[in-house]
Amino acid sequence: MNNDIKEILYSKEDIQAVAQKLGAQITADMKDKNPLVICVLKGAILFMADIVREIDTYCELDFMDVSSYGDATESSGEVKIIKDLDVSVKDRHILIVEDIIDTGRTLERLVELLKHRKAASVKICTLLDKPERRVKSVVPDYVGFEVPNEFVVGYGLDYIGHYRNLPYVGILKPEVYENN
Ligand code: XMP
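Residues numbered from 1 in each chain as written. Predicted model: local features only at pLDDT ≥ 70, side-chain atom pairs only at ≥ 80, totals over all residues. Heavy atoms only, no water.

A. View of the environment of Phe47. Summarising the element assignment, Phe47 is placed in helix H2 (residues 45-52). In the structure, Phe47 is positioned 28 residues away from Ala19 in sequence and 7.7 Å away in space, judged by C-alpha atoms. If sequence neighbours within four positions are ignored, Phe47 has contacts with Ile15, Ala19, Leu22, Val97, Glu98, Cys125, Thr126, Leu127 and Tyr155. (Helix = DSSP H or I, 4+ residues; strand = E, 2+ residues; numbered from the N terminus. Contact = heavy atoms within 4.5 Å.)

B. Spotlight on the pattern of salt bridges. For the structure shown, the criterion picks out 12 salt bridges. Put simply, Lys136 and Glu108 hold a salt bridge, and the shortest N to O gap is 3.8 Å. Of the two residues, Lys136 sits in the loop between strand S6 (121-129) and strand S7 (142-146) while Glu108 sits in helix H3 (residues 105-116), which places them 28 residues apart along the sequence. Here Lys136 falls in the partly exposed class, since its relative accessible area comes to 32%. Across the salt bridge formed by Asp129 and Arg134, the nearest N and O atoms sit 2.7 Å from each other. (Salt bridge = Lys/Arg side-chain N within 4 Å of Asp/Glu carboxyl O. Buried < 20%, exposed > 50% of the residue type's maximum accessible area, 1.4 Å probe, protein only.)

C. Summary view of the sheet that holds strand S9 (residues 168-172). Taken in spatial order, the three strands make up an open sheet running S1-S9-S8, and their pairing is antiparallel. Bordering the open sheet on either side are strand S1 (5-11) and strand S8 (152-153), each of which pairs with just one other strand. Taken together, the five bridges between S1 and S9 define a ladder with antiparallel strand orientation. Considered in S9, the bridge of Ile5 is made with Leu172. Packed onto the sheet, helix H1 (residues 12-30) meets S1 and S9 and runs at close to 35 degrees relative to S1. (Pairing = 2+ DSSP bridges. Axes fitted to C-alpha atoms, helices over the stretch in contact; angles between N-to-C directions.)

Here you go:
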């Protein structure tokens, strides 16, 4: 599995350090708001575990699984809810935790949905941001790292279901997906 990686970008330690920094900012911004922290499955699970342990105020956790139609490396913007939230977002302050924002299509639809459901506020925390690729004006409030325009995997991010368990974020060798 490690042989499929062209370059390691961020180690577990790098990610935990950035989670600590972002967690302190989130704590300051959302103190006394009892935020509902929503993990976007499945890619954000590892980062979610890091970030919530750095949020030092009362909060609740929930999980949502959405799938964006498209091919294995690009979303189309049509978002299908695979698993919905367990609790109501009405009048709640929401923090969405994502693995990566690429075109922004998935998050744009998700934010629209939460606002339609009358969330009091919606903030976005993403481990990775690929601003070069943005086609929708989604601006995350908390960003771990900006990544180059390459397909990255690991630390929750997958290519056709694999690599989520790598303890780092790395660039996948293009020949791995070009041969599929
Ligand atoms: P959009 O384009 O809607 O995409 O912002 C967000 C979702 O697309 C997937 N994605 C990636 N997954 N490596 C991945 O493993 C990447 O480089 C990558 N770029 C986009 C991801 O599921 C994300 O939630």
